[in-house]
Every structure is written in structure tokens, then in C-alpha cells.
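Below, each chain spelled out in residue letters.
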Amino acid sequence: MRNAVLALLVFCAPTALAQVDAQLTHYWATPAYYNAAALGETDFIHITAGSRLQWLGVEHAPMSFFGMADMPFKFLNKRWGAGVVLQHERMGLYHSINAGAQLAWKKKLFKGMLSVGLQVGFINETFKGSDIFIPEGDDAHTSADEAIPTTDVSGTALDLSAGVFYSHKWFWVGASVNHITEPKVTLKANQESDDEYEFEAGRMYYFMAGSNIPIKNSLFEIQPSVFVKSDFHFFQAEATVRMRYNKFITAGVGYRWKDAVMAMIGVQVKNFYIGYAYDYPLTTMSKVTKGSHELIMSYNVKLDMKERNKNKQKSIRIM
């Protein structure tokens, strides 16, 4: 039996092997994607879907599609949040599906709401080994290389994540750890196959925070936010500043440390929101791509939570 690390899963950077979470410029609109505690912040069923096209113009560059939904509910006279999240990413011959069910316990604290959340799900990894083409005269690889599968291989592993989240009238802040057990996915062609390849989803730590600052005597609001991620080997931080007018149109800019600058715009019409973000790379990737594109849409369905005037909670994240 052969047991090898599937190096071909790494498309562009060594850290890609350990990271299974998508890079979302709309992190401030989708905190539950990274933090299982950011659920049930309003009396709505909140549904969000989106797509990110990374490094447009680069052949086989990453493409991410995601969908998520959450809602509050009452149990034992306490407020809870429940949600689901699903992500599919394609990157060359590599496909990944990450899905989870989320539950958050919520408690009023200091005129805000504290949440503690848990996500239980799975990671599925697939590599299209049957589509590998190695040109003649390639000095780096040969068709006899045992580290390269010649058939399609896939595998699934249990995944756990947890987080805390606090929302207030004027600000929100959260911290989480995803892929707590650093699940190892064993990829095989089938159950009878002796050829095995291993993929490890590395543990990731996230911190995010934001605020809503009304401009006196105007219909404008400033909404700054920050997002930090790390596995203690890899570190990335970004900051975003958005301005919203009359709770209708939002525009902003952002900076991802030593990686990219971002611009974004969004429109809110009643319970429907659509947003677009463009990232321009500041690295050598700018020589081969004009940037990345991201689109999200969300819709709110009103719930009757009873006693809504007693413990009414508004989320400043909702555009």
C-alpha cells in the first residue's frame, strides 16, 4: 500500500494544501461562513449565496461557490441560532466540498448579545487523476511517479469548528477556530483500491470586528471592519471601510496586507441585497491576471419570534 502526500493538490502556493476555506472579500456580510456563532442575529431567516472567481484570466484558477442560511429560534425560554453552510471549490483538477450544520447558544449581555457556536460537518476532496497530462521530456515528473494518481481519487472526513460572537447596537466582534481536529482525508479510487493519498485540512483561527457609525444630521453611515486569519505559520489581515446611504446603497474599499486592494458596491431593496467586490492583486500575480471578482446575494424572510419587543436584537451587519 502506498501512502503519499498528494502534492498536485497545491495549485499556486504551498499554503493551499492546508486551507479549505474560501477567501471572501464580503467577510463582513458572511461572518457565519467563518464563525459558527454568528447566527440568528435578527428575527429573519437569512439566506445568502455567492461566487468568487479568483485570478480571472489564469487557467484553472480557483472558483468558489457557497450558500448558507441561518435563523433564530426559542428553546427552553432561551434564544438560539441554527444554520447550514455549503461550499464548493474548483482549482484545476482539484474539487472540494465543505458542508456543515451550525448551532449557537445566545445570551443577552451588556446591552448586546453573546453567542457561542459549534459547527459539525464534513470535508470531501476529489482529484481528477485521470485528466493529468505530463508532456514528454518533463524533468520534474514522470508518468511512473507513484505520488501522482492515474485515476480519480476522493475521500471524506468529519470536520468540527467553533466560535464566539458578540453583537451590540454599535459594533460586533467574533473569534473562531475552524477544522479543530485538523481532519485528514484519505483519497482512494474505491474501497478496494490499495493506492491511498492524504490531504490534511489545517486548523485555522479567525478574528473579525466591525462597527456602524452614523454621520450626524445626514443619511450616511460609515461601516469599518477588520478580518484576521492565521494558522500560526500563515498570517493574513485586511481592513475594509464602507459608506452606506439611506440604508439603500453601500460602497467601500479595502486592503489585504501585502496581497490586494479591493473595491465593493451593494444595493439593498427591502429584504433583498446584492453586492459585488473586485480585488486587484499587489503581488506578482498582477502580471498574469487583472484581478478577482466576487458576487453575493442575500434575502431575509421575516419570522414571528413572539415577544419581539422584549428582546429585539438588530444586527448592524445586515445591509
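For the structure itself, consult the block above.
Residues numbered from 1 in each chain as written. Predicted model: local features only at pLDDT ≥ 70, side-chain atom pairs only at ≥ 80, totals over all residues. Heavy atoms only, no water.

(A) Just the overall build of the chain, in detail. Per the secondary structure count, the chain includes 1 helix and 18 strands. The buried share of the chain, taken over its 319 residues, is 45%. Long-range pairs, those at least 24 residues apart, make up 57% of the contacts in the chain between residues at least 6 apart in sequence. (Helix = DSSP H or I, 4+ residues; strand = E, 2+ residues; numbered from the N terminus. Buried < 20%, exposed > 50% of the residue type's maximum accessible area, 1.4 Å probe, protein only. Contact = heavy atoms within 4.5 Å.)

(B) The arrangement of the nonpolar core in detail. One finds Leu24, Trp28, Tyr33, Tyr34, Met68 and Phe227 to be the most contacted residues of the largest nonpolar core, which totals 27 residues. Every element with two or more residues in this core is listed here: α1 (31-34), β3 (63-75), β11 (204-211), β16 (260-269) and β17 (272-281). Every residue in contact with Tyr33, bar those within four places of it in the chain, is listed here: Asp21, Ala22, Leu24, Met68, Val85, Gln87 and Asn178. (Core = buried A, V, L, I, M, F, W, Y, C linked by side-chain atoms within 4.5 Å.)

(C) Fine view of the packing of aromatic side chains. As enumerated under the stated definition, the model contains 14 aromatic pairs in all. Consider the rings of Tyr34 and Phe227, whose centres lie 4.8 Å apart with planes at 55°: the pair is tilted. Here the residue Tyr34 occupies a position in helix α1, and Phe227 occupies one in strand β13 (residues 220-230), the gap between them amounting to 193 residues. Of the two residues, Tyr34 and Phe227, neither departs from the other in class, the shared state being buried. Put simply, the rings of Tyr27, Tyr33, Tyr34, Phe66, Tyr206 and Phe227 touch in pairs and so form one group of aromatic residues. We note Arg242 situated over the ring of Trp28; from NZ or CZ to the ring centre the distance is 3.7 Å. Over the ring of Phe44 we find Lys302; its NZ or CZ atom is 5.1 Å from the centre of that ring. (Phe/Tyr/Trp six-rings, centres within 6.5 Å; stacked < 30°, edge-to-face > 60°. Lys NZ or Arg CZ within 6 Å of the ring centre and 35° of its normal.)

(D) Local environment of the pairing of β17. In β17, alternate side chains face the same way, and those of Tyr273, Gly275, Ala277, Asp279 and Pro281 are buried while those of Phe272, Ile274, Tyr276, Tyr278 and Tyr280 on the opposite face are not. Note that β16 and β17 share 10 bridges and pair antiparallel. Paired with Gln268 across the two strands is Tyr273, which belongs to β17. Linking β16 to β17, which pair antiparallel, is a turn of 2 residues; within it Lys270 sits at a positive phi near 55°. (Pairing = 2+ DSSP bridges.)

(E) Representation of unusual backbone geometry in the model. For Glu182, which is not a glycine, the phi torsion comes out positive at approximately 45°. In this structure, Glu182 sits in the loop between β8 (171-178) and β9 (184-187). Owing to a relative accessible area of 27%, Glu182 belongs among the partly exposed residues under this scheme. Although it is not a glycine, Asn246 adopts a positive phi angle of roughly 55°.

(F) Region of the structure containing the pattern of salt bridges. Taken as a whole and assessed by the stated rule, the structure comprises 12 salt bridges. Salt-bridge contacts for Asp279 lead to Arg256; the nearest nitrogen and oxygen are separated by 3.2 Å. Here the residue Asp279 occupies a position in strand β17, and Arg256 occupies one in strand β15 (residues 249-256), the gap between them amounting to 23 residues. One exposure class covers both Asp279 and Arg256, and it is buried. (Salt bridge = Lys/Arg side-chain N within 4 Å of Asp/Glu carboxyl O.)

(G) Focus on the pairing of β15. Where burial is concerned, the two faces of β15 differ: the one with Thr250, Gly252, Gly254 and Arg256 is buried and the one with Ile249, Ala251, Val253 and Tyr255 is not. As consecutive antiparallel partners, strand β14 (residues 235-245) and β15 are separated by 3 residues, and within that stretch Asn246 has a phi angle of approximately 55°, a positive value. Relative to β16, β15 runs antiparallel, the two being bridged by 8 bridges. The residue bridging Tyr255 from the neighbouring strand is Val261, located in β16. Between β15 and β16, which follow one another and run antiparallel, lie 3 residues, and Lys258 among them has a positive phi close to 55°.

(H) Structural detail: the side chain of Gln268. Considering the arrangement of structural elements, one finds Gln268 in strand β16. Classification of Gln268 as buried rests on a relative accessible area of 11%. A polar contact is formed between the side chain of Gln268 and the backbone oxygen of Lys270, at a distance of 2.6 Å. (Polar contact = N/O pair within 3.5 Å; in protein donor to acceptor, adjacent residues only side chain to side chain.)

Read these as geometric descriptors, not functional statements.
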